[in-house]
Protein chains: 2
Amino acid sequence: MAKEIKSQNITWSDGDVNHEARTQRNGHKAAILWFTGLSGAGKSTLAQAVEKELFIRRCHTYVLDGDNVRFGLNRDLGFSPEDRTENIRRIGEVANLMMDAGTICLTAFISPYRVDRQGAREIAPAGKFIEVYTKCSLEECERRDPKGLYKKARAGEIPEFTGISAPYEEPETAEIVVETDKNDVQACVRQVIDYLIEHEVLQVNNLG
Amino acid sequence: MAKEIKSQNITWSDGDVNHEARTQRNGHKAAILWFTGLSGAGKSTLAQAVEKELFIRRCHTYVLDGDNVRFGLNRDLGFSPEDRTENIRRIGEVANLMMDAGTICLTAFISPYRVDRQGAREIAPAGKFIEVYTKCSLEECERRDPKGLYKKARAGEIPEFTGISAPYEEPETAEIVVETDKNDVQACVRQVIDYLIEHEVLQVNNLG
């Protein structure tokens, strides 16, 4: 059985390679960190900064974001309501596979609808889905407008743009709420890391 | 930059957490081991046996198979030609994400069509997709019939069953061919491991 693994230095010798074996090998628990929030709120920036901090702490991590999902797995999906739902469903499934593989999987998608986020939550085992509401006022997101999307949306060039012409449904029970218009990136990272320590996702090897 | 990581014991301190950084941390290269072959040829058995051997050798691994894909990510897909193609496409995309995350990802699906396997190959960077033709005569697969599927297919209860009423297109250029009707599981595992050593997917820490 996987019970025999006590450190990376002892050879694992019996049983299936399952989630428990991988977790013991890795020296930390697996989880999904689901960043949700408006465009420009800082989801990707924060996910990457948290990943960097976790990597320094010897964790196994992976970030799913528009760059590696929209043009790959979900390249067949557009922006209709059905396709948006399917987009989030597939990301939830892949995040869960990554988590099952022992990884702390960070996802950075607007994911504006509560029901879709709830669906992603229900794919994962209880306690493994950690919603990180990346909160930032619309005014501040629009002021930042890092990709020029708000400007285009205001000009009517992007239909159904979240926050402008399509709703963003705020999380009501997110495990973590970071306020990127009030705190800097490092303070937000610290908040996420503290949560992971408190909930024992990070363990003795990962405390820095 | 990630160049600074020389072992798991030196703290990584700069740069993005990218594929190179993960690979250096893990101490082995990432790859996709794509097992293809008839139902009953031993794909899942072999993938799990190879995974176990790799895990013992300190590698980071994950097996994608019907159990964790068909009822999750691909639950919306049936067995029409279009759906079979989409099934394999998505598996190829997820395997590539797993590989990008630093994992040796093993996939165990019949994947009977050359064009679909070629599609999965093209998703991955050059050299990362290793096709393992799990070769076994139809007669032997039908004799084993571990899930009773051949019996049902012969009775006409399963339409378009690969090998009986639907084609299996043999790989012409698989990186590895294992013959499960001629060699036992351990010999086949050895063949795969030898390939991974020879092609430097496994490195000094993984040589046993």
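Criteria and cut-off values
Counting of residues starts from 1 at the beginning of each chain's written sequence and follows it residue by residue. As they are written, the chains are lettered A onward and the ligands numbered 1 onward, keeping that order. For this predicted model, a pLDDT threshold of at least 70 governs which residues receive local features, and a threshold of 80 or more governs which side-chain atom pairs are given and counted, while totals over whole chains, interfaces and linings are taken from all residues. Working from all heavy atoms in the structure, the side-chain values ignore hydrogens and water. At least two bridges found by DSSP between two strands is the condition for calling them paired. Segments assigned H or I by DSSP are reported as helices when at least four residues long, segments assigned E as strands when at least two residues long, and all are numbered from the N terminus. Here an axis means a line fitted to C-alpha atoms, over the contact stretch when the element is a helix, while the angle between two N-to-C directions is reported on a 0 to 180 degree scale. Residues are treated as being in contact if the distance between any of their heavy atoms lies within 4.5 Å. Computed with a 1.4 Å rolling probe, the buried area is the accessible surface lost when two parts are put together, summed over both parts. For this analysis, a salt bridge means a side-chain nitrogen from Lys or Arg found within 4 Å of a carboxyl oxygen belonging to Asp or Glu. Polar contacts, as counted here, are pairs of nitrogen or oxygen atoms within 3.5 Å of one another; within protein the pair requires one atom able to donate a hydrogen and one able to accept it, and residues that are adjacent in sequence qualify only if both atoms are side-chain atoms. Nonpolar cores were defined as sets of buried Ala, Val, Leu, Ile, Met, Phe, Trp, Tyr and Cys residues, with membership established by side-chain atoms within 4.5 Å. When accessible area is computed with a 1.4 Å probe and restricted to protein chains, residues below 20% of their type maximum are described as buried, those above 50% as exposed, and intermediate ones as partly exposed. Least squares is used to superpose the copies, and the fit set is the C-alpha atoms of residues whose pLDDT is at least 70 in both copies. The labels follow the angle: roughly parallel below 35 degrees, roughly antiparallel above 145, roughly perpendicular from 65 to 115, and oblique for the rest. Each crossing is labelled by how the near helix is turned from the far one, with a counterclockwise turn of less than a right angle marking it left-handed and a clockwise turn marking it right-handed. We call Asp, Glu, Lys and Arg charged. Ala, Val, Leu, Ile, Met, Phe, Trp, Tyr, Cys and Pro are nonpolar, and the rest, Gly among them, are polar.

Chemist: I tried to follow the sheet that holds strand β3 (residues 104-108) of chain A on my own but got confused; where do I start?
Modeler: By definition, the strands of a sheet pair up through backbone hydrogen bonds, in either a parallel or an antiparallel sense. Residue and element names in this part refer to chain A. Reading across from one edge, β2-β3-β1-β4-β5 is the order of the five strands in this open sheet, with parallel pairing throughout. The two strands at the open ends of the sheet, each matched to only one other strand, are β2 (61-65) and β5 (176-179). Ignoring which end each strand starts from, the neighbouring axes of this sheet average 20° apart. Relative to β3, β2 runs parallel, the two sharing five bridges. Bridging across to β3, Asp65 finds its partner in Ala108. Contacts between helix α8 (residues 185-198) and the sheet are confined to β1 (31-36), β4 (129-135) and β5, with β5 contributing the most and set at about 165° to the helix.

Chemist: Explain the sheet that holds strand β5 (residues 176-179) of chain B to me, please; I cannot follow it from the model alone.
Modeler: Residues and elements named next belong to chain B. What the five strands build is an open sheet, ordered β2-β3-β1-β4-β5; its pairing is parallel. The open sheet has two edge strands, β2 (61-65) and β5, and neither has a second partner. Along the sheet, successive strands turn relative to each other by an average axial angle of 20°, direction set aside. Pairing analysis gives five bridges linking strand β1 (residues 31-36) to strand β3 (residues 104-108), with the strands arranged parallel. If you follow Phe35 over to β3, its bridge partner there is Ala108. In this fold helix α4 (residues 81-100) packs onto β1, β2 and β3, with an angle of close to 150° to the strand it touches most, β1.

Chemist: Sorry, what's going on with the interface of chain A and chain B here?
Modeler: Interface size is commonly expressed as the accessible area that is lost once the parts come together. At the interface, 36 residues of chain A touch 36 residues of chain B. In total, about 3300 Å² of surface goes out of reach between chain A and chain B, with carbon and sulfur atoms giving 58% of it. Taken together, the connections running from chain A to chain B amount to six salt bridges. Counting across the interface, chain A meets chain B through 15 residue pairs in polar contact (both at pLDDT 80 or more). When residues of the side of chain A that touches chain B are traced back to their parent elements, those giving at least two are α1 (19-26), α2 (43-56), β2, α3 (66-73) and α4 (81-100) of chain A.

Chemist: So what exactly am I meant to see when it comes to the nonpolar core here?
Modeler: With 40 residues, the main nonpolar core has Leu64, Val94 and Met98 of chain A together with Leu64, Val94 and Met98 of chain B as its most contacted residues. Of all the secondary structure elements, the ones that give two or more residues to this core are β1, β2, α3 and α4 of chain A together with β1, β2, α3 (66-73) and α4 of chain B.

Chemist: Any chance you could explain the pattern of salt bridges here in plain terms?
Modeler: Oppositely charged side chains may form a pair once their charged atoms are brought near each other. Residue and element names in this part refer to chain B. According to the stated counting rule, one finds 34 salt bridges over all chains in the structure shown. With a shortest N-O distance of 2.9 Å, Arg121 and Glu131 are connected by a salt bridge. One end of the pair, Arg121, is in helix α5 (residues 114-123); the other, Glu131, is in strand β4 (residues 129-135), and ten residues separate them in sequence. Each member of the pair Arg121 and Glu131 is classed as buried. Salt-bridge contacts for Arg121 lead to Glu175; the nearest nitrogen and oxygen are separated by 2.8 Å.

Chemist: Could you clarify how one ought to interpret the side chain of Ser111 of chain A in this entry?
Modeler: All names here are of chain A. Along the polypeptide, Ser111 turns up in the loop between β3 and α5 (114-123). The exposure class of Ser111 is buried, given its relative accessible area of 3%. Here Trp34 takes part through its side chain, which lies 3.1 Å from a polar atom of the side chain of Ser111.

Chemist: Help me out: how do you make sense of the relation of the copies chain A and chain B in this one?
Modeler: One copy of the chain maps onto the second through a rotation around an axis plus a translation along that axis. Superposition record for chain A on chain B: RMSD 0.0 Å, screw rotation 180°, translation along axis 0.0 Å. Both copies of the chain, as the preceding transformation shows, are related through a two-fold rotation axis. Comparing interface residues between copies, 100% of those in chain A also lie at the interface in chain B; the contact surface is shared.

Chemist: What should I look at first to understand the side chain of Arg90 of chain B in this one?
Modeler: All names here are of chain B. In this structure, Arg90 sits in helix α4. The exposure class assigned to Arg90 is buried, which follows from its relative accessible area of 2%. There is a polar contact of 3.1 Å between the side chain of Arg90 and the backbone oxygen of Leu73. Side-chain polar atoms of Arg90 contact the side chain of Glu86, separated by 2.7 Å.

Chemist: What should I look at first to understand the packing of α4 of chain A against α3 of chain B in this one?
Modeler: When two helices pack together, their arrangement is given by the angle between the helix axes and by the axis-to-axis distance. α3 of chain B packs onto α4 of chain A with a crossing angle of 160° between their chain directions and a minimal axis gap of 10 Å. On the basis of their axis angle, the class for α4 of chain A and α3 of chain B is roughly antiparallel. The handedness of the crossing between α4 of chain A and α3 of chain B comes out as right-handed. Of α3 of chain B, the residues touching α4 of chain A (which contributes Arg89, Arg90, Glu93, Val94 and Leu97 of chain A) are Asn68, Gly72 and Leu73 of chain B. Residues belonging to the contact of α4 of chain A with α3 of chain B are distributed by class as follows: three nonpolar, two polar and three charged.

Chemist: Teacher, can you tell me more about the pairing of β2 of chain A here?
Modeler: Looking down a regular strand, the side chains alternate between one sheet face and the other. Of all five residues that make up β2 of chain A, five are buried, and the element is covered over most of its length. Here β2 of chain A shows no split at all, with Thr61, Val63 and Asp65 of chain A on one side and Tyr62 and Leu64 of chain A on the other all buried.

Chemist: I keep staring at the pairing of β1 of chain B and nothing clicks. Help me out?
Modeler: All names here are of chain B. Burial analysis of β1 places six of its six residues in the buried class, the great majority of the element. The alternating pattern of β1 places Ala31, Leu33 and Phe35 and Ile32, Trp34 and Thr36 on opposite faces, both of which are buried. By the bridge criterion, five bridges tie β1 to β4 in an arrangement that is parallel. Residue pairing for β4: Thr36 is matched across the bridge by Tyr133.

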